[in-house]
Amino acid sequence: MIQAEEFVEAARNLGFGWYTGVPCSFLTPFINYVINDVQLKYISAANEGDAVAIAAGAAIAGKPAVVMMQNSGLGNAVNPLTSLTYIFRIPLLLICTLRGDRVLQDEPQHQLMGQITEKLLQTMTIPWEFFPTDAAQIEPVLQRATAYMQQERCPYALIMRKGAISSMGYANAPHALTRSSIPERENSNSAHIQQSFFRDRKEQRISRSEALARIVELTDPENTIVIATTGYTGRELFASKDSANHLYMVGSMGCASSMGLGLSLARPDLKVVVIDGDGAALMRMGNFATIGTYGGANLTHILLDNEVHDSTGAQATVSAGISFAKIAEACGYGVTLAGDDLAILDALFTADSDTRPKFAHLKIRPGTLEKLPRPNLTPEAVLQRFMNHIGSNWQLLTPNS
């Protein structure tokens, strides 16, 4: 076995300073060491899929990131690993523990995943190897991982078996937590809900295209980036105005807000606007709590709610009776607004949120533009243009640099 600090410090020398994930007992010394180091960043995600998207946002901002998870949660991460990091070509280092290992007596719920973890990674075209158990293996493992990530711009996985990391540090003491991964915040007095009348007749509400056009008017492309959720939202934003500061999500439904969180934390100099949908927000509502806990005033979260899954035939969502603004307020957002007219957007962009993120729940009518176009650039090209716009690159350090 190795010491947690041996791997973390070797990874730090290559530029890895951002960590996110969901804990596993196998990872306890590793996670605790990262949290205890004030120079490293650890984001506690609500689930493994959100962790992948948060790390993807950090990576887009030029911060090499590590995602840690138990293999039982690998299923939660399949969607963003196949339709976000793969499609957009975003390199991440994955550390996945092997519960249900054939050589161990483990809990019954881990049995099947323990048998298929390696095959599942292979099916997702993610190369993997076992996490090093000897100090001499650390640098070669990281060299192989970073070389692949640099060349292919895709994730690389390390499967950690039980006992790979010592529970004791160099001082022969357990890796106990000495600090919290949750940022300390004063109680904010700026949180409020502006609840205007929601029209009962959906056809009287504004359209998605009208809302997107106003968002474009209210954002400065020089210092603001806009992330649009998958489906008609991204396509209509492209139709409204294609711009290098726009990122059009495809697939990875529900991950726009978590990716926006990672990007906003890694680039506090930028204003990050996430345009979400009701179906997407419901799918990964746990990220509201993560944003409210970690997000800063440079993150603006807008939810366009037409109460249907528009791009798949307008099947109803359950959003009609949901107050997303109250949820956002309860989760720690600094400003929470709700309504069904464009004035809500004007109020959102002029509101002072102190140090916390801002949120608006805007009801819109279903439907989309006739002959709605799709972006004429591949997702990879859209992302590369986006990264060039914000001055970001994938560059990792080398062991000898």
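Check the entry above for the structure.
Keep in mind it's a predicted model, so treat the numbers as computed, not measured. (Residues numbered from 1 in each chain as written. Predicted model: local features only at pLDDT ≥ 70, side-chain atom pairs only at ≥ 80, totals over all residues. Heavy atoms only, no water.)

## Focus: the packing of helix α3 (residues 48–60) against helix α4 (residues 74–88)
Then, number 1: At a minimum axis separation of 6 Å, α3 and α4 run at an interaxial angle of 30 degrees. The pairing of α3 with α4 is recorded here as roughly parallel in orientation. When α3 is examined against α4, the residues E48, G49, V52, A53 and A56 are found in contact with a partner set consisting of N76, A77, P80, L81, L84 and T85.
Then, number 2: Class assignment of the residues belonging to the contact of α3 with α4 gives a composition of 7 nonpolar, 3 polar and 1 charged. (Axes fitted to C-alpha atoms, helices over the stretch in contact; angles between N-to-C directions. Helix = DSSP H or I, 4+ residues; strand = E, 2+ residues; numbered from the N terminus. Parallel < 35°, antiparallel > 145°, perpendicular 65-115°, else oblique. Contact = heavy atoms within 4.5 Å. Nonpolar A, V, L, I, M, F, W, Y, C, P; charged D, E, K, R; others polar.)

## A word on the packing of helix α1 (residues 4–13) against helix α6 (residues 135–152)
Then, number 1: Here α1 crosses α6 at 30 degrees, and the two axes come no closer than 10 Å. What the angle tells us is that α1 and α6 run roughly parallel. Note on packing geometry: the crossing formed by α1 with α6 is right-handed. Packed against α1, whose contacting residues are E6, F7, A10 and A11, the element α6 presents A135, I138 and L142 at the interface.
Then, number 2: Tallied by class, residues from the contact of α1 with α6 come to 6 nonpolar, no polar and 1 charged. (Left-handed = near helix turned anticlockwise from the far one by under 90°.)

## As for the environment of Y333
Then, number 1: Mapped onto the secondary structure, Y333 falls in the loop between α12 (324–331) and β14 (335–339).
Then, number 2: Accessibility expressed as a relative area gives 1% for Y333, which makes it buried.
Then, number 3: For Y333, the side chain forms a polar contact with the side chain of H301, separated by 3.0 Å. (Buried < 20%, exposed > 50% of the residue type's maximum accessible area, 1.4 Å probe, protein only. Polar contact = N/O pair within 3.5 Å; in protein donor to acceptor, adjacent residues only side chain to side chain.)

## Concerning unusual backbone geometry
Then, number 1: Unlike most non-glycine residues, R89 shows phi in positive territory, near 65 degrees.
Then, number 2: Although it is not a glycine, E307 sits at a positive phi angle of roughly 65 degrees.
Then, number 3: Looking at where E307 falls in the secondary structure, it is placed in the loop between β11 (299–305) and β12 (308–309).
Then, number 4: Classification of E307 by relative accessible area gives buried; the value is 8%.

## Quick word on the pairing of strand β4 (residues 93–97)
Then, number 1: Across the 5 residues that make up β4, a large majority, 5, are buried.
Then, number 2: Side chains L93, I95 and T97 of β4 all project onto a buried face; the interleaved residues L94 and C96 project onto the opposite face, where all are buried too.
Then, number 3: Pairing between strand β3 (residues 65–70) and β4: 5 bridges, direction parallel. Looking at the pairing, M68 lines up with I95 of β4.
Then, number 4: Following the backbone out of β3, through α4 and into the adjacent parallel β4, one traces a crossover that is right-handed.
Then, number 5: Relative to strand β6 (residues 156–160), β4 is paired through 5 bridges, and the arrangement is parallel. For T97, the partnering residue across the bridge sits in β6 and is M160. (Pairing = 2+ DSSP bridges. Right-handed = clockwise from strand over helix to strand, strands pointing away.)

## Describing the packing of aromatic side chains
Then, number 1: Throughout the structure, instances matching the rule amount to 11 aromatic pairs.
Then, number 2: Between F7 and F131, the ring centres sit 4.6 Å apart and the planes meet at 35 degrees, which makes this aromatic pair tilted. Taken together, the residues F7 in helix α1 and F131 in the loop between β5 (128–130) and α6 connect sequence positions 124 residues apart.
Then, number 3: Using a relative accessible area of 1% as the deciding quantity, one classes F7 as buried.
Then, number 4: Ring geometry for W128 against F130: centres 5.2 Å apart, planes inclined by 80 degrees, an arrangement best described as edge-to-face.
Then, number 5: With a relative accessible area of 23%, W128 lands in the partly exposed category.
Then, number 6: You can call F130 partly exposed: its relative accessible area is 30%. (Phe/Tyr/Trp six-rings, centres within 6.5 Å; stacked < 30°, edge-to-face > 60°.)

## Topic: the sheet that holds β5
Then, number 1: With respect to topology, 6 strands assemble into an open sheet ordered β2-β1-β3-β4-β6-β5, the strand pairing being parallel. The strands lining the two open edges of the sheet, one partner per strand, are β2 (41–44) and β5. Averaged over all pairs of adjacent strands, the angle between their axes in this sheet comes to 20 degrees, without regard to strand direction.
Then, number 2: Here α3 sits on the sheet and contacts β1 (18–21), β2 and β3; the angle it forms with β3, its principal contact strand, is near 175 degrees.

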